[in-house]
Structures are given as structure tokens and as C-alpha cells.
Amino acid sequence: MKNHTDVLIVSLNELCSFEEFCAGASQIPPMAKLIPEEFTSCPLSRKRSGMEIIMEITLEHVTKHFREKRGIKEAVRDVSLRLTPGVWGLLGANGSGKTTLMRMLCGIMQATSGCILCDGLDISLSGGSYRERLGYLPQEFGFYPEFTVRRYLEYIAALKGLPDDTAKFRITKLLTQLTLDEVRDKRIAKLSGGMKRRVGIAQALLNEPELLILDEPTSGLDPGERVRFRNLLSELSRDRIVLISTHIVSDVEYIASRIAIMKEGDIFLTGTTPELISRMRGQVYECVIPPEALARCEQNLHIVNLRNEENGRLRIRYLGGPDEIPGAVSCAPCLEDLFLHLFPQEERNTVI
Amino acid sequence: MKKVWKLELLRILRTRSTLLFLAAALALSVFMACMPVTYIKFSYEENGQEMTLNGPAALAMRKRLRSATDGEVTPKKLAAGLAAYRENTARYGDPNSKDFPVGIYASELFPYAALTARLKEVMADADTGAVPDYAAISETDALGFYDRCRIHVSDLMRMEQRDNPDAVTLAEKMYAQIQPPFYYYEGYDSNMAEYLGLYLFLLMLLCALVTAPLFCAEYQTGADDILRSTKYGRRTLAAAKILSALCVSVTLFAVCMTVFLLISNSIFGWDSCRTSLQMLFSAACLLPVNIGRMQVLVTLAGLIALLSCVSLTLFVSAACRNTTTATGLTIALCLFPSVFYMMAGNDLAAWLRVLLPSGALGGTNSFFYALTFYFEFLKIGPWTVWTPWLMLAVPAAEIPLFLLLAARTYVRRSL
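If you're wondering where the values come from, they're calculated on a predicted model, not measured in any experiment.

**Q** Hey, could you go over the overall build of chain B for me, with residue numbers and the actual values?
**A** Along the backbone of chain B there are 18 helices and six strands. Overall, the C-alpha framework of chain B stretches about 85 × 55 × 35 Å when taken along its three principal axes. Of the roughly 17,600 Å² of accessible surface on chain B, 61% is carried by carbon and sulfur atoms. With 36 positive and 32 negative side-chain charges, chain B shows a separation of 17 Å between the mean positions of the two kinds.

**Q** Describe the overall build of chain A, naming the residues involved and giving the relevant values.
**A** When helices and strands are tallied, chain A shows 14 helices and 14 strands. Buried positions account for 54% of the 352 residues belonging to chain A. Contacts in chain A between residues far apart in sequence, at least 24 positions, make up 70% of those at least 6 positions apart. For chain A, the exposed surface amounts to about 16,700 Å²; the carbon and sulfur share of it is 50%.

**Q** Describe the sheet that holds strand S1 (residues 57-68) of chain A, naming the residues involved and giving the relevant values.
**A** All names here are of chain A. Across the sheet, which stays open at both edges, the four strands sit in the order S2-S1-S4-S5 with antiparallel pairing between neighbours. Of all strands in the sheet, those with a lone pairing partner are strand S2 (71-83) and strand S5 (121-122), marking the two edges. The pairing of S1 with strand S4 (residues 113-118) spans five bridges and is antiparallel. Paired with Thr-58 across the strands is Leu-117, a residue of S4. Lying over the sheet, helix H4 (residues 98-105) contacts S1, S2 and S4, oriented at roughly 120 degrees with respect to S1.

**Q** I'd like to hear about the domain arrangement of chain A, residue by residue, with values.
**A** Domain boundaries assigned for chain A yield domain 1 (4-55), domain 2 (58-274) and domain 3 (282-332). For domain 2 of chain A and domain 3 of chain A, the distance between their C-alpha centroids amounts to 38 Å.

**Q** Tell me about helix H7 (residues 145-160) of chain B, and name the residues and values.
**A** With 16 residues, H7 of chain B ought to run about 22 Å at 1.5 Å a step, and its terminal C-alpha atoms sit 22 Å apart, in line with that. Where H7 of chain B is buried, its residues meet helix H4 (75-92), helix H5 (102-122), helix H6 (139-143), helix H8 (165-176) and strand S5 (377-380) of chain B.

**Q** Lay out the layout of surface pockets in plain terms, naming residues and giving numbers.
**A** Approximately 1,100 Å³ is the volume found for the largest pocket. Elements that contribute at least two residues to the lining of the largest pocket include exactly S1, S2 and H4 of chain A together with helix H10 (213-221) and helix H11 (223-228) of chain B. Taken together, the residues of the lining of the largest pocket break down into seven nonpolar, 11 polar and 14 charged.

**Q** I'd like a description of the packing of aromatic side chains, backed by residues and values.
**A** Given two aromatic rings, one states the distance between the centres and the angle between the planes to describe the pair. The tally for this structure, following the rule as stated, stands at 24 aromatic pairs over all chains. Judged by centre distance (5.7 Å) and plane angle (70 degrees), the ring pair of Phe-141 of chain A and Tyr-152 of chain A falls under edge-to-face. Here Phe-141 of chain A, found in the loop between strand S6 (134-137) and helix H7 (149-159), pairs with Tyr-152 of chain A, found in helix H7; they are 11 residues apart in sequence, far enough to count as distant. Positioned above the aromatic ring of Phe-343 of chain A, the side-chain terminus of Lys-263 of chain A is 5.8 Å from the ring centre. When the ring centre of Tyr-410 of chain B is taken as origin, the NZ or CZ atom of Arg-228 of chain B, which lies over that ring, is 4.2 Å away.

**Q** Describe the packing of helix H12 (residues 233-268) of chain B against helix H14 (residues 291-319) of chain B, naming the residues involved and giving the relevant values.
**A** All names here are of chain B. Remark: H12 packs on H14, axes separated minimally by 11 Å, with the N-to-C direction vectors making an angle of 155 degrees. Considering the angle they form, H12 stands roughly antiparallel to H14. Crossing geometry of H12 relative to H14 is assigned as right-handed. Where H12 approaches H14, its residues Ile-242, Ala-245, Leu-246, Ser-249, Val-250, Phe-253, Met-257, Leu-261 and Asn-265 are matched on the opposing element by Gln-295, Thr-299, Gly-302, Leu-303, Leu-306, Leu-307, Val-310, Ser-311 and Leu-314.

**Q** Kindly report on the domain arrangement of chain B, identifying the contributing residues and their values.
**A** Residue and element names in this part refer to chain B. What the domain assignment lists for chain B is domain 1 (2-38 + 186-412) and domain 2 (41-143). The centre of domain 1, based on its C-alpha atoms, is set 39 Å off from the matching centre of domain 2. Each side of the interface is counted separately: domain 1 has 15 residues, and domain 2 has 13 residues. Carbon and sulfur atoms make up 55% of the area that domain 1 and domain 2 hide from each other, which totals about 1,100 Å².

**Q** Any details on the interface of chain A and chain B? Residues and values, ideally.
**A** Counting residues at the interface gives 31 residues for chain A and 27 residues for chain B. For Arg-103 of chain A, the salt bridge is made with Asp-225 of chain B, and the minimal N-O distance between the two is 2.6 Å. Across the contact surface, chain A and chain B share 10 residue pairs in polar contact (both at pLDDT 80 or more). Broken down by class, the residue content of the side of chain A that touches chain B amounts to 16 nonpolar, six polar and nine charged.

**Q** Kindly report on the pairing of strand S7 (residues 211-215) of chain A, identifying the contributing residues and their values.
**A** In regular strands, side chains alternate between the two faces of the sheet. Residue and element names in this part refer to chain A. For S7, a buried count of five out of five residues is recorded, marking the element as mostly surrounded by other parts of the structure. Covered by surrounding structure in S7 are Leu-211, Ile-213 and Asp-215 together with Leu-212 and Leu-214, the residues of both alternating faces. Of the pairings in the sheet, the one linking S6 to S7 comprises four bridges and is parallel in character. Among the inter-strand pairings, Leu-134 is bridged to a residue of S7, identified as Leu-211. Sheet topology note: the S7/strand S8 (residues 241-246) ladder contains five bridges and is parallel. Along S8, the bridge assignment pairs Leu-211 with Ile-241.

**Q** Mind laying out the environment of Ser-358 of chain B, listing which residues take part and the relevant values?
**A** All names here are of chain B. Mapped onto the elements, Ser-358 comes out in the loop between helix H16 (347-355) and helix H17 (367-372). A relative accessible area of 1% places Ser-358 in the buried class. Once the C-alpha coordinates of Ser-358 and Cys-149 are considered, the two residues, 209 residues apart in sequence, prove to be 33 Å apart. Polar side-chain contacts of Ser-358 include one of 3.5 Å to the backbone oxygen of Cys-334.

**Q** For the side chain of Ser-264 of chain B, give the residues involved together with the corresponding values.
**A** Residue and element names in this part refer to chain B. On the secondary structure map, Ser-264 appears in helix H12. On the basis of relative accessibility, which here comes to 1%, the residue Ser-264 falls in the buried class. Polar side-chain contacts of Ser-264 include one of 3.3 Å to the backbone oxygen of Leu-261.

**Q** Break down the sheet that holds S7 of chain A for me, with residues and values.
**A** Residues and elements named next belong to chain A. Sheet architecture is open: six strands sit in the order S6-S7-S8-S3-S9-S10, paired in mixed fashion. This sheet does not close on itself; its edge strands, each paired only once, are S6 and strand S10 (266-271). Averaged over all adjacent pairs, the angle separating strand axes in this sheet is 15 degrees, with direction ignored. Judged from the six bridges that link them, strand S3 (residues 86-92) and S8 form a sheet pairing that is parallel. Its bridge partner lying in S8, Gly-86 is registered against Ile-241. Packing of H4 onto the sheet brings it into contact with S3, S6, S7, S8, strand S9 (258-263) and S10, and relative to S8 it is tilted by some 150 degrees. Strand contacts of helix H14 (residues 335-342): S3, S9 and S10, with the helix running at about 15 degrees to S9, the strand carrying the most contacts.

**Q** Which residues make up the environment of Ala-284 of chain B, and what are the values?
**A** All names here are of chain B. Within the secondary structure, Ala-284 sits in the loop between helix H13 (277-280) and H14. Measuring from C-alpha to C-alpha, the distance between Ala-284 and Ser-154 comes to 9.2 Å, with 130 residues separating the pair along the chain. The residues touching Ala-284, leaving out its near neighbours within four places in the chain, are Glu-121, His-152, Val-153, Leu-156, Tyr-175 and Phe-375.

Thresholds, definitions, all that
- Counting restarts for each chain, with residues numbered from 1 along the sequence as it is written.
- Written order decides the labels, with chains lettered from A and ligands numbered from 1.
- Selection of residues for local features in this predicted model requires a pLDDT of at least 70, selection of side-chain atom pairs for listing and counting requires 80 or more, and totals for whole chains, interfaces and linings are taken over all residues.
- The side-chain figures draw on all heavy atoms in the structure; neither hydrogens nor water molecules are used.
- For helices the rule is a DSSP run of H or I covering at least 4 residues; for strands it is a run of E covering at least 2, with both sets numbered from the N terminus onward.
- Only the protein chains shown count as covering a residue, and every accessible area follows the Shrake-Rupley method with a 1.4 Å probe.
- In this tally, Asp and Glu contribute negative charge and Lys and Arg positive charge; neither His nor the terminal groups of the chain are included.
- Charge positions come from single atoms, namely NZ of Lys, CZ of Arg, CG of Asp or CD of Glu.
- Three labels apply to residues, based on accessible area from a 1.4 Å probe with only protein chains included: buried if under 20% of the type maximum, exposed if over 50%, partly exposed otherwise in between.
- We call two residues contacting when some pair of their heavy atoms lies within 4.5 Å.
- A pair of strands is considered paired only if DSSP assigns at least 2 bridges between the two.
- Geometry is summarised by axes, namely lines fitted to C-alpha atoms with helices restricted to the contacting stretch, and by angles between N-to-C directions that run from 0 to 180 degrees.
- Just so you know, the domain bounds were taken from an automatic or database domain assignment.
- Expected helix span is taken as 1.5 Å per residue step, with the number of steps being one fewer than the number of residues.
- Here a cavity means grid points, on a 1 Å grid over the protein atoms only, where a 1.4 Å probe fits yet cannot get out; a pocket means an open set of points with protein on both sides within 12 Å along at least five of seven lines; lining residues are those with an atom within 4 Å of a point.
- Grid points are joined across faces, edges and corners, and a volume is the space filled by probe spheres set on the points.
- Asp, Glu, Lys and Arg are counted as charged, while Ala, Val, Leu, Ile, Met, Phe, Trp, Tyr, Cys and Pro are counted as nonpolar; the rest, among them Gly, fall into the polar class.
- Two rings from Phe, Tyr or Trp (for Trp, the six-membered ring) form a pair when their centres sit within 6.5 Å of each other. Planes less than 30 degrees apart are called stacked, planes more than 60 degrees apart edge-to-face, and all others tilted.
- For a ring to carry a charge above it, either NZ of a lysine or CZ of an arginine must fall within 6 Å of the ring centroid while also lying within 35 degrees of the normal to the ring plane.
- Working definition: roughly parallel below 35 degrees, roughly antiparallel above 145 degrees, roughly perpendicular at 65 to 115 degrees, and oblique for all remaining angles.
- Less than a right angle of anticlockwise turn of the near helix away from the far helix marks a crossing as left-handed, whereas a clockwise turn marks it as right-handed.
- The term buried area denotes the loss of accessible surface (1.4 Å probe radius) that occurs when two parts are joined, taken as the sum for both partners.
- Counted as salt bridges are all cases of a side-chain nitrogen of Lys or Arg within 4 Å of a carboxyl oxygen of Asp or Glu.
- As used in this structure description, the phrase polar contact means that two N or O atoms lie within 3.5 Å; if the pair is within protein, one of them must be able to donate a hydrogen and the other to accept it, and residues adjacent in sequence are counted only when both atoms belong to side chains.

Written as C-alpha cells, this is what we have:
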């Protein structure tokens, strides 16, 4: 006997193909909002009748205000974005609204105005059926100090509504995948920063989420762990949306299929890495200067990198024009140049 | 919901601090039930030598000496006690002096002492409240003891409730419900009753400390964001957490109080639970109950206060950002009614102990004292209500209020 969801899918299939349905999902929110949760409790992306619907998240004019002592702060300002499967990098300086946006995407916070749709359904109305498809690693990964790695994962798996045998299987798999096997019975509080972060990632992946949201996932990881983590994310991004918020440019430069740059609560730019980098073409230069000229250069130029040469001179990389230093040569820009161009105050804080 | 509740319950019970507090509560139940008996001392004479017994041996000796007078408190027993007092004071002098023979006191006066003390109390002066000397009490007074009790209650109320004649009328009505005779069985004493009140207060404090970090610890560590983004969501989580805290508190209370009462009553003797409240604390006690029922009432008041306090703590925890603030506030809220009542002792303090969830437990502010020693009434508009009833009703009404506030605060947090 068909359940309500099947009936809904079948009746929609009679009208249009799945691809058409997916593409048009964002255009039918008024109708979708009328569909009660019981009809949508099965994730739409699961394979049905041999076809698969790919998840799509749409942010429509999302704004978030906070009341503060000094007045109202606009943390996120009229953000509209369409997220499709792949790795999405959300770049921005500290305080640019990334975490607020991510918390709204997770349903932890509600937008002051605008809405977030998952396959055309408002996430605030979808409730548990949306959260079932979600994996979230917050910026500060909190855990109960008494828990061992295994027990913590069992606890989260139960909260995610996984049956016991599925939970057991996935926990074993993730512990191996994230090289946490040896510490499975250790208390999380006793683990290193990198291991704790991996436990955090494991909990986010327990339900095999279609939408994986990671807020500053590499903070506290050493360079080797960061590389391994990036590779893992690339592997995971198949058939799911992975949204990574960071101010560490290299975390997303090579693995993100698309990057959104946030500034002062607004999505300032979106595009692929090459598209974004191309904006800096002709604006990045390198030259060699004597050490005594450095102070003057620092005053007048936006230096993004500085290196000591063997002959005691300094090689500087700066953002600007060719005329600013005679002999300066144009060089290939990178995402970091764009980031530093957009957030000059981050220059000293950025970890590359 | 059931699954989340079970998970949360297990998580709370596996937390080290919870286990520590639970173990402390259980250990205290044994310790505090056993302590009061150690305070009992009794001196008697054997082969011309003064002997002193301590603890359970002293209690056993007291029980043996009073076995003849135990049971119904009859005017005849009172008259006999008065006669024995007069006869022996005439022969040996003041029983309070060092020269009074210990053996005579133990064999002749002690068996009646608990009864004659109440007789002396009810013969207090109507205007000053001063108790007379035994010499001023006649056999006729002893034979009319139960009539004197009613007169004494009226006198006492007129003296203490000068501005509230309704309270006097209410007290007289309440006392009229008490059907004589009273009963007295040696054993359970006022120290034990005070320890019951004190233990209830400690139990409430421990339960509040178990509850204090429930919500705010997750805010503090950031675990909250992960939990809220899981399948069941914030509402189910709030309900599961609240239910778990209440379950832990009620179970702990039930286990610890059962242990406490079983031990204490076994030590002091179950028959002493049949002693009338009026014979142990004051003849003017307004409730027609014996010690056993008093234990039930005080325990019930303790459970209500504990649940109310736990509910308030849950609200505090949901509203605070970190465990230090929540724990500090919880301790302050638990202690405040006791400290304020002790320091101020005015109408405001009387109201605060009624209004604050922890007001029914603690020191002299507690329900136990309101029931046995102080005869207070509070005016609510045109009505006069006996304070102990308010101390049961108000915290009971606050339980759903604080729970709703806690759930609402948690659910709406971060939104």
C-alpha cells in the first residue's frame, strides 16, 4: 500500500518529470507550504522508482536582526542564494554573518524576514523531516565531558533517530574513515584538538546527511590534518551539499565547487574559484625592494606577502597598479588576494 | 519522545557530578537518620551510683521507664504526674538542682515529665504567656487538661494575632477539630523532627544542583547547537530534559526519604509515630495529626518545595549562559528564604517564604516549624489563611508555571 508521500510523488510525476519538479521546486513554495509534514516525512532525495531527486536549498531574501544595547544589528542582510550539491565555501571575515547564516540554515535560528526553502518547502515548517537530512558541525564543538567517543556518537545517532543496528554500522565505518578507531573508548575531553574536531565531523555525518554544514571546521587542526580533512570533504561532497564556512582561504580554494563571499551580512560575491580569481586579474604585482623602502611601501601599498631574498632585499606582493612601483611585474592572482582585497583588516589574522 | 527522554535520563545519570550528588544524598539519608539518636543521654542510679547512658542505650532506658505511662494521655495520668512531682520536690527539693537524687528523678518524675510539661504549658498566663510553677497547678487543673488546651489556644492566638481577629476564630475552629485524648509514646523526639526538616532542605539543594547545569551547560559548551539540529528538535528536547530532571529528582527523593524514614523510625520506634503532635511540640498545635502523619505532611511539603525549586532551577538554567551563574543563582534562591526569614522575620519575610519555591524548607522558615512551633496566619484580601496551607499550595501552583517558563525560554533561545 502506498503511503502519503508516495501518492504525492506519483501525482507530481504524472504532471512533470522529477528533474522538472526539482528545477521548479523553488517556484512552488505557496503550494508546498500547504502540504502537511506527515506527507513529507520521507526525504525527497531518496531513490524512488529508480529516480533520485537532488536536494536544493534556496535562501530567499533572508535577513536577521539582533537587538543590542546600542540598537538593532543587522547580522545577515537580504541574502538570496541557491545551494545545489557540491562543496560550497562561505568565505568572510570574522563577524561577517557566516555563523548566523549557517545557524539559520540549520533551523537553530529563525530569519527576521525572508525564508529558507529545502526542495521548495520552508524549513521552519518541515521540522524533523528537514533536520533528518542535515548534518551540522558548529564553530565550537560542544560535547559532554563524561562521554567517550563511541558513547557520544551512539547518543547523537539516537537523537538523529537512527535505528540501533544502522547506528552501530555507521559509527564503526566513520571511526575507521576518520581514523578514530584507536580512541573510540577514550573520553572526548582527553583527545587532542584535531581528534575532537574529527569526532565533531563524525557526528555530523552519522545520518549520511544530504546537507552538511560545517562552521570553521578546520580551526585547531594542524596543516596535515587540514589537508586530510579537505580530501575527506571532497569525497563526501558527492550527491550532497557541503557548506563550509571559513576565513581560511585555502580550506575552500581547491575543493569548493562554488564560493560565496560574505561581507557585513551580505553575500558580496558568488562564483567558482576561477571566476572569483579572475576579478583580481591585473591587480596583483610583485617586485623586489631594498629593506629601507619597506616602511614607505607599507604606507602606500596594500602588501599581501613579503619574503626575504638571499641578497638581503625584499620581495613584496601587493594589490594595486603597475605604476605604483617601477619594475613591478603583474602576477597570477589567487583567492587569497581577492580575500585580502575585500577584507584588508584581515590581513594580519588570516591563516593561509 | 520516549526515546529522547530515555537518552537524556541516562545521560544525566551517567554524569559524574550527578552521581556524586546522588551518592551524597543517599549517604546523608543514612547519616542524618542515625545522628539524632546519638544526642540522647540519660542518667540514672544503679547500686547507689550515678550511671549515664548515651545513644540507643539511653533511648532504650527512656522507653523502659516510660512504658507505664505510654499510650493515652488521661487526666488521671497527668494528676498522678503532678502529685509525684509535688511529693518529690517536697522531699528532695528542686529537681533542677544538682542535689536532687538522679535515681528518684529517673524512677518517679521522668515517666510523667513529657505529660506534665504539656500541663504546665497550657496553664500559661493568658496575658503574659508565662508558664506557672508546678506548685501553682492544682489537681483540678490536671483533670481539666483538655479544656485548658482549648482555652490556652484561644489565649495564645489573642496574644499573637492582636490585629487579626479572624485568625483567632480560624485557629479556634481548627483546634475544635482535634478530638481528645492525646497519645504519647516515648521515642521520636524534636531533634529527629528537626533533622527531617534539615534533610529535606539538603535534598532539595542537591536536586537543584543536579538540575542547574541541564540547559546552560550545553549553551556553554556549544553542544546545544548540535542537539537542536537533530531530528527531534528543540521542543522534544525541552520536554525530555524537563521530564528527566523531574524523574531524577522524584526518584532520588522517594529513595532517600524512604531510607531516611525507615532508619529513623526503626531507631526511635514505630510506636512513637502514634504520639499526638500536641504532646511532642506544643499543646497548641492546630492539626489533629500524630507524628507519623506529621512526617507524611512534612515530606509532602518537602516534595512540593523540591519540585518547585527544581522547576525554578530549570528556568534559571534555561535562561543563564553558563553553569557558574546558574549554580550560583540556584544556591542563592535556595538559601534566600531561610536567611531572610532569620534576619528580617517580618511580614515580607513571611510572604517570601510562601512565595519562593524553597521557602517551605530550611531553618525556622520551614513548613515543619510553621506546623509545630509558630502559629502564623497570612491575610489575602478579606481571607485569613493558615500559613502552612499556603506553603503547600503556592509552590505546588508554581511548578507548572516555572516548567512552562523553562520550556519556553529554552525553545525560544537563539531564535
